[in-house]
Amino acid sequence: MSTTLKRMTIEPVTRIEGHAKVSLLLDEKNVIKEARFHIVEFRGFERFIQGRPYWEVPVLVQRLCGICPVSHHLAAAKAMDLVVGADRIPPPAEKMRRLMHYGQMFQSHALHFFHLCSPDLLFGFDADPAIRNVIGVARKFPELAVQGVMMRKYGQEIIRATAGKKVHGTGAVPGGINKNLSISERDALLREQPKMMDWARGALAIARDYTVEHLKTLAPFGSFDSNHLSIVRRDGAMDLYDGLLRAISPAGDRIFDMVDNQRYVEYIAEEVKDWSYMKFPFIRSLGPEKGWYRVGPLARINTCDFIDTPEAEKARKDFASVTGGKPNNITMAYHWARMIELLHAMEKITELLHDPDLQGRDLLAKGERREEAVGILEAPRGTLIHHYVVNNNDQVVRANLIVSTTHNNSPMNMAVKKVAEQYLSGKPQITEGLLNHIEVAIRAYDPCLSCATHSLGSMPLAVELVDAEGSVLERRMRP
Amino acid sequence: MSKPKVATASLAGCFGCHMSLLDIDERILQLVELVEFDKSPINDIKRFTGRCAIGLVEGGCCNEDNVHVLREFREHCDILIAVGDCATMGGLPAMRNSIPLKECLEEAYLKGPTVYNPAGKPPSDPELPLVLDRVYPLQAVVKIDYFLPGCPPSAETLWQALTALLNNKPLELPYELVKYD
C-alpha cells in the first residue's frame, strides 16, 4: 500500500438506528482505495441468553431492538412453538400474531419513510442539515408530517391491541397468544382504517413518483447487482409472517427454493471480519466472495411471484415494469418497494380486522417437546432467523440469531463504496453534502444496528482526514 | 426569545425509549414548538451546537464510545435524565455482566452454527471501540439529575416529565406512570 494513503471517517451515521461509522482510504488525489461501513457495538446476546427458561425468550429478545421488537418477539415465539410441539398454532392465535406483525410492518415502514428518509427526498441529499430532518419536514410539509405521525401511531395501536404494549409487548407465548381482539379494540381500529388506506396509497404514490421522476440519477446511485433472499409462501406469494426460503441471482434464476426453515444452517453461513462487529452472511454454495445477498423490501418484491392483495399486486407489477420483469438491483428502489409493502400491510390489516377468528378463544396449542427449533419471518428490514436449543430443564443452551440488517452487511458496504467512488473520489473538497450522499445510500437499507450487533446503539457522523502516519489533517463534523 | 434546546442519545439501549418518545404522536408537533432539538440521532446534528436545557439519554455504557458521549452530554446539558431501565440499571444488556466478556465474544464469533471465521478470532480492528468489562448504568459514570424507569417509560411518562421541566415545575409523576418492567 502506498505510504501517502489518507484515512477518513464518517462518524456517527445519523437518521438510522444503532451505532456505525464509515471509514475511507484515499490516495494523494483523493481517489477512493477502500470504503468500509463498521458496526461498532457488541452485546453478546447469544451467550447471556444461555441458562434462561425458554418461555422468557420472546420477551427478552425483543429488547434487542425497540424499533421492531415485534419481529424478534414473533420469530422467537415461532421457534418456541416448535419447542413446545405446536407444529400449527390455532387460527385465532396465528391471525392475532399476523395482525401484530402487519401493524409492526406498517409503523416501521412509516417511521423509516416519513421520520428518517423523507428529508433527503424532499429537500435534496445536500440540503442544509439544519432543515434536513423530520422537524424541517413538519415545518415545510405539515400535512405530510401529520400523516407520517398518525400512520405510525396506527401501527403502534395495533401492536398495543395485540401485544398489550406499544414497545416490548407480551402477546405471543410459546404455542400461541395470550389474548384475542375485543370487539371494541377491533371497532376502534376499523374506524381509522379508511383514512389509513388512503394515506398508504398516497405514500406509495410519493415514493413511486419520486423514483420514476429521478430514475436517471437514482438508478446508478450506489447500485450493483446482487443475489436476493427472502421467505415466500408455498405458492410463491409474498408472505411476511411464514414461508420457505428462496434465493435468486441478480438475473432472477433460483439459487435455492422452498427450503425448510429448520435447515437454514445448510444454506447460509456468516463470515467474521476483523473490522466490524456485524458478521457477513453468504450462501454456502456460492462462497463468501459471490454468495452475499440482499434482504428487505427490495429483495422481497424481487423474490416473490406475486402479492396476494390486489392494490399491492398492481403496484408490484408497475414496479417490475421498470426493469422489464427482471429483478430490480437499484439501491434507491428500496423506498418504493417499502411503500408497496406499507400498502400491502394495510390491505392485510383490513382483511384481518374483518375476520371473526380474531375474536376466537382457541389461543394455545402444544404437543411433543423438541430440543431444537428455528423460527424465521420477514421483519420490516428483511429475513430474521432465530435458532434455539433448549435442554430438559427448559433452559436455553444455545442461541443463534441472524437478524435482518446483518444480511444486508455486504450490500451496505458495497453501496458505501459505490457512492464514495461515484461522488467523492477525486474531489478536492469533501463537503457535508457529499458525506450525506453516503448516508443516503445506507439509509435506503433502513439498517437497524441495535439488532445487528445484538447490542445497543444510537447514531451520530464526523469525518476525519488522517495522513499515512495517522495524524489528523482535516476534521469535518456535523453540523 | 430562543427556545430551550433538548439533546437525545441512545447508548447501550435498543432505541425503544426513543420510540416511546415518538409515541407522544401528534404532541410531537407541540413539542417542536416548545423546544429546539440539538444533537440527536433523529436529525443530522452530530455535535453539540450549544448549551442544552435537557439531555435525554437512553441505554447504559457498554463501550468506550458510550462513556465519551455520556460525558459530552453531562458537559453540555443543564439537566441530564436517564431514560429507561438500561440507563438506570443497565437493563437487558447487563445480563452479560455475570459472564466473562471473552465467552460472549467467542460464542458470537467462533462457536455459532453459521460462523465462518478463517482468522479464528473475534473482531479487533482499531476502528472498533473497546468493549467495557461490563455494562454500567449512567450514574456510575456521571451525575444524573432524574431517572425515568420503564422498558420503555411510557409516552405519557416522558411527556409529563418533559413538560414539567420545561415549565420549571417540580417533577412529580403520578404512581401509575412510574413503572419498572
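Provided above is the structure to which this section pertains.
Residues numbered from 1 in each chain as written. Chains lettered and ligands numbered in written order. Predicted model: local features only at pLDDT ≥ 70, side-chain atom pairs only at ≥ 80, totals over all residues.

Participant: Quick question: what am I supposed to make of the interface of chain A and chain B here?
Facilitator: Reports often express the size of an interface as the amount of accessible area lost when the parts come together. On the chain B side, the residues contacting the 62 residues of chain A number 59 residues. Across the side of chain A that touches chain B, the residue classes break down as 30 nonpolar, 16 polar and 16 charged. (Contact = placed C-beta atoms within 7 Å. Nonpolar A, V, L, I, M, F, W, Y, C, P; charged D, E, K, R; others polar.)

Participant: Explain the sheet that holds strand 2 (residues 36-37) of chain B to me, please; I cannot follow it from the model alone.
Facilitator: In a beta sheet, neighbouring strands pair by backbone hydrogen bonds and run either parallel or antiparallel. Residues and elements named next belong to chain B. Here 5 strands make up an open sheet; going across it, the order is 2-1-3-5-8 and the pairing parallel. If you trace the sheet from one side to the other, it starts and ends with strand 2 and strand 8 (146-148), each paired once. Relative to strand 2, strand 1 (residues 5-10) runs parallel, the two sharing 2 bridges. Paired with valine 6 across the strands is phenylalanine 37, a residue of strand 2. Helix 3 (residues 64-76) contacts strand 1, strand 3 (52-58) and strand 5 (77-83) of the sheet and is inclined by roughly 135° relative to strand 5. (Pairing = 2+ DSSP bridges. Helix = DSSP H or I, 4+ residues; strand = E, 2+ residues; numbered from the N terminus. Axes fitted to C-alpha atoms, helices over the stretch in contact; angles between N-to-C directions.)

Participant: Even after reading the chapter, I still don't get the nonpolar core, so can you show me in this structure?
Facilitator: Core analysis: the largest hydrophobic core is formed by 200 residues, its most contacted members being Phe106, Ile340, Leu342, Val416 and Ile442 of chain A together with Val57 of chain B. Looking at this core, the element that brings in the most residues is helix 4 (residues 91-123) of chain A, giving 13 residues. A domain split of this core shows at least three residues from each of domain 1 (6-38 + 430-477) and domain 2 (89-223 + 340-361) of chain A. Setting aside residues no more than four positions away along its own chain, leucine 342 of chain A makes contact with Phe106, His109, Ala110, Ala200, Ala203 and Leu204 of chain A. (Core = buried A, V, L, I, M, F, W, Y, C linked by C-beta atoms within 7 Å. Buried ≥ 20, exposed ≤ 12 C-beta atoms within 10 Å, placed from the backbone. Domains from an automatic or database assignment.)

Participant: What should I look at first to understand the packing of helix 11 (residues 310-321) of chain A against helix 12 (residues 334-353) of chain A in this one?
Facilitator: Packed helices, taken two at a time, are described by the angle their axes make and the gap between the axes. Residues and elements named next belong to chain A. Relative orientation of the contacting elements helix 11 and helix 12 amounts to 165°, with a least axis distance of 8 Å. Comparing the axis directions of helix 11 and helix 12 gives the class roughly antiparallel. Considering the relative orientation of helix 11 and helix 12, their crossing is left-handed. Along the contact surface, helix 11 presents Glu311, Ala312, Ala315, Arg316 and Phe319, while helix 12 presents Trp336, Ala337, Ile340, Leu343, His344 and Glu347. Split into classes, the residues belonging to the contact of helix 11 with helix 12 amount to 7 nonpolar, 1 polar and 3 charged. (Parallel < 35°, antiparallel > 145°, perpendicular 65-115°, else oblique. Left-handed = near helix turned anticlockwise from the far one by under 90°.)

Participant: How should the environment of aspartate 120 of chain A be read in this particular structure?
Facilitator: Residues and elements named next belong to chain A. You can see aspartate 120 is positioned in helix 4. Sequence separation of aspartate 120 and isoleucine 49 is 71 residues, and the distance between their C-alpha atoms is 39 Å. Excluding its chain neighbours within four sequence positions, the residues that come into contact with aspartate 120 are Phe125, Arg132, Val440 and Arg443.

Participant: What exactly am I supposed to notice about the pairing of strand 6 (residues 227-232) of chain A here?
Facilitator: The side chains of a regular strand alternate, residue by residue, between the two faces of the sheet. Residues and elements named next belong to chain A. Of all 6 residues in strand 6, 6 are buried, a share of seventy percent or more. Burial along strand 6 is two-sided: Asn227, Leu229 and Ile231 and His228, Ser230 and Val232, pointing in opposite directions, are all buried. Relative to strand 11 (residues 293-294), strand 6 runs parallel, the two being bridged by 2 bridges. What sits directly across from asparagine 227, in strand 11, is tyrosine 293. As defined by bridge partners, strand 6 adjoins strand 7 (residues 244-248) across 5 bridges and the pair is classed as antiparallel. Considered in strand 7, the bridge of isoleucine 231 is made with leucine 245.

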